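# What the coordinates show
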Amino acid sequence: MTKENTTQKPIDAVILWVDGEDEKHKAKILPYIKDNKKAKTKKFRTRYDQVNEIKFTIDSILKFAPYIRNIHVVTDEQTPGFLTPKKSKYNKVNIVDHSVVFANYETYLPVFNCRPIETCIYRIPNLAEHFIYFNDDFFLIKETKPDDFFKNGLPVLRGKWLKFDTDILYKKLKKPRTGHKSIQQNAARLLGFNSYYNFKHTPHPLRKSTFEKYFNENKEVFINNIKHRFRDNTQFTPQGLANHLEIKNETCYFKDDLQLMYFRSYKKPLFWYKYKLNRKSKNKLFLGMQSLDLCPPTILEYLLNWLEKRVN
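Here we summarise the structure given alongside this text. (Residues numbered from 1 in each chain as written. Predicted model: local features only at pLDDT ≥ 70, side-chain atom pairs only at ≥ 80, totals over all residues. Heavy atoms only, no water.)

### Observations regarding the sheet that holds strand S4 (residues 130-134)
The strand order across the open sheet built from five strands is S3-S2-S1-S4-S9, with neighbouring strands paired in mixed fashion. With one partner strand each, in any of the chains shown, strand S3 (93-97) and strand S9 (204-207) form the two edges of the open sheet. Shown here is a sheet whose adjacent strand axes are inclined to one another by a mean of 30 degrees, direction ignored. As paired strands, strand S1 (residues 11-16) and S4 are joined by five bridges and run parallel to one another. Among the inter-strand pairings, Ala-13 is bridged to a residue of S4, identified as Ile-132. (Pairing = 2+ DSSP bridges. Helix = DSSP H or I, 4+ residues; strand = E, 2+ residues; numbered from the N terminus. Axes fitted to C-alpha atoms, helices over the stretch in contact; angles between N-to-C directions.)

Structure follows, in structure tokens:
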């Protein structure tokens, strides 16, 4: 492995964001939905609705990763309200429209599926070679260092090896799922692996050149992943693709400790969340809180207040 020192090299952050409550966005999506009733269901809406989590994501980066050079927010003709007008605190933040990362592939717009957008983020103008991809429900909750993400210029991967679902007897008997794990498996299969390196909801360290080289040599794979306006079970997760490319090329490091606290449902009593955040988060770097738009109001108020105090 290379011995170059990258702690001084630029590192950018990339965040995807959509305001599903925006009337323009709602009007844009309707012509592509066969069942308008489906568009109003919680399961469908939670992929697009938000509670302004992105402000806490950005504030957490500014506080706990001050070495980040630029924060690129990829959106579809939208800008988070707290950035209009932009305060000096947010000088690092750069709004990048879908039309920019899909340049020369505009025929696939509009898109309402994170996987094509993730496939294109390496095309952000002036993106650093080393960048960290965040969802807008990922937060840093403790001071981080560049080598938490990149060591000797190579990404630090957090996860573990798992069997494919098709190799697990009880999963063979179930209806195939098309969720987070299955699209990671698609990425691994694409590269000839017999098992897959499963990553969780932590920030993802990625290298622009890894995407550039692979997609320049495999244009059809690129097209097949960006052509779906909505999620399709044939797609792969680009982060998973990058991880498996780095593993195949022996250009990465592994870290067993996820350093993550993660919530994805909010059915427990309030005291449980208080206990987890105040007593169990001390050794964690990352907090993931999925689908906060579905969180009960009392718990949501507490979580957002906790985040506000933590990142400001």
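Continuing now.
### A few points about the nonpolar core
Residues Ile-58, Ile-61, Ile-71, Phe-263, Leu-287, Met-289 and Leu-303 are the most contacted members of the largest nonpolar core, which totals 45 residues. Tallying contributions element by element places helix H12 (residues 297-311) first for this core, with eight residues. Apart from residues no more than four positions distant in its own chain, Phe-263 is found in contact with Trp-272, Tyr-273, Lys-276, Leu-277, Leu-287, Gly-288, Met-289, Gln-290 and Leu-303. Ranked by size, the runner-up nonpolar core spans 38 residues in total, among them Ile-117, Tyr-122, Ala-187 and Tyr-214. (Core = buried A, V, L, I, M, F, W, Y, C linked by side-chain atoms within 4.5 Å. Buried < 20%, exposed > 50% of the residue type's maximum accessible area, 1.4 Å probe, protein only. Contact = heavy atoms within 4.5 Å.)

### Re the pattern of salt bridges
Taken as a whole, this structure holds eleven salt bridges when the rule is applied. Lys-55 serves as the salt-bridge partner of Asp-59, at 2.8 Å between the closest nitrogen and oxygen. Here Asp-59 pairs with Lys-55, and both are found in helix H3 (residues 53-64), just four residues apart, close to one helical turn. (Salt bridge = Lys/Arg side-chain N within 4 Å of Asp/Glu carboxyl O.)

### Description of the pairing of S9
Burial along S9 is two-sided: the face carrying His-204 and Leu-206 and the face carrying Pro-205 and Arg-207 are both buried. Alignment of S4 against S9, held across four bridges, turns out to be antiparallel. Bridge pairing in S9 places Ile-132 opposite Pro-205.

### Some words on the pairing of strand S7 (residues 154-162)
In the case of a regular strand, side chains alternate between the two sheet surfaces. Of the strand pairs in this sheet, strand S6 (residues 150-151) and S7 are connected by two bridges, and their pairing is antiparallel. Each bridged residue has a counterpart across the sheet, and for Phe-150 the counterpart in S7 is Pro-155. Taking the residues between adjacent antiparallel strands as the criterion, S6 and S7 are bridged by two residues, where Asn-152 takes a positive phi near 50 degrees. Of the strand pairs in this sheet, S7 and strand S10 (residues 253-255) are connected by three bridges, and their pairing is parallel. Note on S10: the bridge partner recorded for Val-156 is Tyr-253.

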